[in-house]
Amino acid sequence: MLRKEKNKSYRILVFVIGVIASVTVLSPIIWIILTSFKDVKEIYTVPLTIWPRKFVWTNYLTVVEGLPEFPTYFFNSIKVTIGTLLLVLPASAAAGYALGRREFPGKAIINLFIIAILAIPFLVFLIPLYIIEDILNMLDTNIGLILPYAALNLPLGILVMQASYREIPSELEDSARIDGANAFQTWFQIMTPLVITGLAAVTIFTFVAVWEEYMFARTFMVNTSAQTLAVGLPSLRVESKSWAYGTLSAALTLSLLPISVVFIVLRKYFVEGVLRGSVKG
Amino acid sequence: MVKRDPRKRNNFIVSWLFVLPAVLLMGAFLLYPLLSALRISFSEYNFVYSEKPVFNGLTNYIKLFQDPHFLVAFKNTIYYTLVFFPLFMLIALCLALLLNSKVKGNGIFQTAILLPIVVPLSLAGIMFTWIFSQDFGILNHLLANVLHLPNLQRFWLGDTQTAMNSLIAVGLWKYTGFGIILFLSGLKAISSDIYEVAKVDGVNSWQNLFYITLPNLKGSFSLVGIWGIIQAIKVYDQVVVMTNGGPGTSTLVLYLYAWKNAFSFFNMGIGEAIAFFTAALAIIISVVFKFVLKPEKG
């Protein structure tokens, strides 16, 4: 009896702490969203209001109509993210399959290289990649971000895919071979449909990594026309080096929208994928 | 040998065809830059004036330790790590232990707490610059008008006393949720049989925690710990957006100083030397961590 009482009050305590923690964590985002619906005058009126006195759309209209940079940044982010995924997904699936299920000379070296790369901070690659891109005229182009992002996200992707392919029972592969399927068909038609969760994990963490990447994008993309959201929005300062918070809160809300949707849909795979990758590394 | 057996040779070619796209990408954009980076770190290389790096041995590394700004950046990075890391581990562990029970709304709590991991740090930097701002920041407003503690109001990012701690708060906001999720999956992996046996033996909750749960979490401690420390050592994004190293040099960190050397002063050699120094720091700490928290074999 007593134990049950104790248990119940413990659960209520946990629930209350859960609510407090969630609200605390979300409060900056909620604050931005609420502000984006405020009239500009209200934003700069002391004392501040938390709940908008009146909900208005003006800030969003300003972003869409009066801020030509915003759609540029937005579509650059989309293009770079999709471009990176189009390279990372097939390349990590193919390499993960060979490294996870086949024996061949050179395999050990590739694996060693992947583990070593995961331990090295990206900063080390920044300067030589800048020089390479300068020589190849890739600065200020989408491809100038896609190629390094693909390379930097491949090691973790390959580790995850390698682990995924290894979990498939070998009978499936054997029976495909007996049926006369060649290696490519076995990989693509028999094995890959069974590692969709692995591919989902690689998709979500590559997506997140590319969407938020700042250092490389800031260094390689100097021109506004090539910048992504993570680099472009902070540079939208008005005179006196401060930000116009009305417009900016609307722009921030819009730029967090796609990534939040992807994240909430694929959350399970995100956690699973990073765990798999990091346990191995 | 390989050439004489056609089946073996075939296997070799097919396997390499599978890994070829990944190997080409990583070779061109990781391996070659890594070797080039090493060479640059041992060279005098001003990107604007000189065509090619000129080998100068260990000069860059020696110069670093005579450079007061580098020592400040090193000290600031260590300070960031020493404040960030214990708070990160403690909050993540406590919330993970609490959320490990079957409570209503658990899934929603976890999604909410993990959400900042997808908010780009540079954009979080804008959000928090505003929250911390002197006149129109919500933090000062709450302190003065809601909590009635106007004495605690600060120019958070403009004050050398509080600027770094404000940046640490942003880092904690962004990364702690991920630590919680990693700890939670470690907690789930502990077999419930152990707790059943303990229950029969009449073990109380505190004993449960200290004699069963925490010792069984060693693997997670090493995983979360290494991840957390690396996030601290490579702090960069929110620093650039919120303070850019200032006021003075109070928030100058290693990543930022490396970047400034390379892309503001065009001293690629010095920049790369700082990068390798940071890499060595991260690798040594990870290895020590792994060694100390090695799970006992049993």
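What counts, and where the lines are drawn
- Residues numbered from 1 in each chain as written.
- Chains lettered and ligands numbered in written order.
- Predicted model: local features only at pLDDT ≥ 70, side-chain atom pairs only at ≥ 80, totals over all residues.
- Heavy atoms only, no water.
- Helix = DSSP H or I, 4+ residues; strand = E, 2+ residues; numbered from the N terminus.
- Rg over C-alpha atoms; globule rule 2.2 N^0.38 Å.
- Buried < 20%, exposed > 50% of the residue type's maximum accessible area, 1.4 Å probe, protein only.
- Contact = heavy atoms within 4.5 Å.
- Areas by Shrake-Rupley, 256 points an atom, 1.4 Å probe, with all protein chains shown as cover.
- Lys, Arg positive; Asp, Glu negative; His and termini not counted.
- Charge placed at Lys NZ, Arg CZ, Asp CG, Glu CD.
- Phe/Tyr/Trp six-rings, centres within 6.5 Å; stacked < 30°, edge-to-face > 60°.
- Lys NZ or Arg CZ within 6 Å of the ring centre and 35° of its normal.
- Buried area = accessible area lost by both parts, 1.4 Å probe.
- Salt bridge = Lys/Arg side-chain N within 4 Å of Asp/Glu carboxyl O.
- Polar contact = N/O pair within 3.5 Å; in protein donor to acceptor, adjacent residues only side chain to side chain.
- Domains from an automatic or database assignment.
- Nonpolar A, V, L, I, M, F, W, Y, C, P; charged D, E, K, R; others polar.
- pLDDT = per-residue confidence, 0-100.
- Axes fitted to C-alpha atoms, helices over the stretch in contact; angles between N-to-C directions.
- Parallel < 35°, antiparallel > 145°, perpendicular 65-115°, else oblique.
- Left-handed = near helix turned anticlockwise from the far one by under 90°.

Once that is clear, we can look at the overall build of chain A. Counting its secondary structure elements, chain A contains 13 helices and 0 strands. The linear arrangement of helices and strands in chain A, starting from the amino end, is α-α-α-α-α-α-α-α-α-α-α-α-α. Taking 281 residues into account, the globule formula puts the C-alpha radius of gyration at 19 Å, and chain A, at 24 Å, lies well above it. Counting only C-alpha atoms and orienting by the principal axes, one finds that chain A spans roughly 75 × 75 × 35 Å. Per-residue burial over chain A gives 55% buried out of 281 residues. Considering only residue pairs separated by 6 or more positions, chain A has 75% of its internal contacts joining residues 24 or more positions apart. Accessible surface, chain A: about 13,100 Å² in total, of which carbon and sulfur atoms supply 68%. Taken as two groups, the 22 positive and 18 negative side-chain charges of chain A have centres that lie 11 Å from each other.

What follows is about the overall build of chain B. Across its full length, chain B holds 13 helices and 2 strands. A globule of 298 residues ought to have a C-alpha radius of gyration of about 19 Å, yet chain B, at 25 Å, is considerably larger. In terms of overall dimensions, chain B has a C-alpha envelope of 70 × 70 × 30 Å along the principal axes. Of the contacts made within chain B by residues no fewer than 6 positions apart, 68% connect residues no fewer than 24 positions apart. Entry remark: accessible area of chain B is about 14,500 Å², with carbon and sulfur atoms responsible for 66%. Charge-centre separation for chain B: the mean point of 21 positive side chains lies 10 Å from the mean point of 12 negative side chains.

Turning our attention to the packing of aromatic side chains. One pair of aromatic rings is described through two measures. These are the centre distance and the angle between the planes. Within the structure shown, the criterion is met by 44 aromatic pairs over all chains. Pairing A:Trp187 with A:Phe188 gives two aromatic rings, centres 5.6 Å apart and planes at 55°, and the pair type is tilted. A residue is classified by how much of its surface remains accessible, and A:Trp187, at 8% relative accessible area, is buried. Since its relative accessible area comes to 48%, A:Phe188 is described here as partly exposed. Members of the aromatic cluster, connected to one another through ring pairs, are A:Tyr97, A:Tyr165, A:Phe184, A:Trp187, A:Phe188 and B:Phe18. Taking the ring centre of B:Trp259 as reference, the NZ or CZ of A:Arg218 above it sits at 3.7 Å.

So, about the environment of B:Val83. Its place among the elements puts B:Val83 in helix α3 (residues 68–99). Separated by 81 residues in the primary sequence, B:Val83 and B:Met164 have C-alpha atoms spaced 9.9 Å apart.

Next up on the list: the interface of chain B and chain A. Tallying the contact residues gives 85 residues for chain B and 97 residues for chain A. Buried area between chain B and chain A, both sides added, is near 8,100 Å², and the carbon and sulfur share of it is 81%. Together, B:Phe18, B:Phe29 and B:Trp130 form the three largest contributors to the area buried by chain B at its contact with chain A, with a combined 11%. Two residues, B:Lys174 and A:Glu212, come together in a salt bridge whose shortest N-O distance is 2.5 Å. The interface formed by chain B and chain A includes 12 residue pairs in polar contact (both at pLDDT 80 or more).

All names here are of chain B. The domain boundaries assigned to chain B delineate domain 1 (1–41) and domain 2 (59–292). Relative to domain 2, the C-alpha centre of domain 1 lies at a distance of 37 Å. Across the domain 1/domain 2 interface, buried area totals approximately 440 Å², and carbon plus sulfur atoms make up 68% of it. Contact with domain 2 buries surface across domain 1, with Ala 37, Ile 40 and Ser 41 losing the most and accounting together for 84% of the total. At the junction of domain 1 and domain 2, the tally comes to 0 salt bridges. Between domain 1 and domain 2 we count 2 residue pairs in polar contact (both at pLDDT 80 or more) in total. Partitioning the side of domain 1 that touches domain 2 into residue classes produces 4 nonpolar, 1 polar and no charged.

So, on to the confidence of the model for chain A. Per-residue pLDDT for chain A averages 87, and the proportion of residues at 70 or more is 93%. No element of chain A has a lower mean pLDDT than helix α2 (residues 40–43) of chain A, which averages 78, and none a higher one than helix α11 (residues 215–220) of chain A, which averages 96.

Here we come to helix α12 (residues 254–263) of chain B. Residues that lie three or four places apart on an α-helix share one face, since the helix turns once every 3.6 residues. Across the 10 residues that make up α12(B), a large majority, 9, are buried. Those residues of α12(B) that sit buried are B:Leu254, B:Tyr255, B:Leu256, B:Tyr257, B:Ala258, B:Trp259, B:Asn261, B:Ala262 and B:Phe263.

A common measure of how large an interface is: the accessible area buried when the components associate. Residue and element names in this part refer to chain A. Split into domains, chain A comes out as domain 1 (2–59) and domain 2 (68–280). Averaged C-alpha coordinates put domain 1 and domain 2 at centres separated by 33 Å. Taken together, the contacts link 7 residues of domain 1 with 9 residues of domain 2. Regarding the contact of domain 1 and domain 2, the summed buried area is about 620 Å², with carbon and sulfur atoms giving 71% of it. It is Ile 32, Tyr 44 and Asn 59 that lose the most area in domain 1 upon contact with domain 2, and together they represent 58% of the buried surface on that side. There are 1 residue pair in polar contact (both at pLDDT 80 or more) connecting domain 1 and domain 2.

So, about unusual backbone geometry. The linkage connecting B:Gly246 with the following residue, B:Pro247, adopts the cis geometry, with an omega of -10°. Structurally, B:Pro247 is set in the loop between α11 (237–242) and α12. Residues other than glycine seldom take positive phi values, yet A:Asn137 does so here, at roughly 55°. For A:Asn137, a relative accessible area of 65% puts it in the exposed group. Unusually for a residue other than glycine, B:His148 sits at a positive phi of about 55°. When you line up the elements, B:His148 lands in the loop between α6 (138–146) and α7 (163–189).

Moving on: the environment of B:Phe109. Mapped onto the elements, B:Phe109 comes out in helix α4 (residues 106–114). The sequence separation of B:Phe109 and B:Leu93 amounts to 16 residues, and the corresponding C-alpha distance is 15 Å.

Here the focus is the packing of helix α5 (residues 121–131) of chain B against α7(B). The description of two packed helices rests on the angle between their axes and on the distance between the axes. Residue and element names in this part refer to chain B. One way to put it is that α5 packs onto α7 with a least axis distance of 10 Å and a crossing angle of 130°. Taken together, the axis directions place α5 and α7 in an arrangement best described as oblique. For α5 against α7, the interelement crossing comes out right-handed. Mapping the contact onto sequence places Leu 121, Ala 124, Met 127 and Phe 128 in α5 and Val 170, Trp 173, Lys 174 and Tyr 175 in α7. Here the residues of the contact of α5 with α7 are counted per class, giving 7 nonpolar, no polar and 1 charged.

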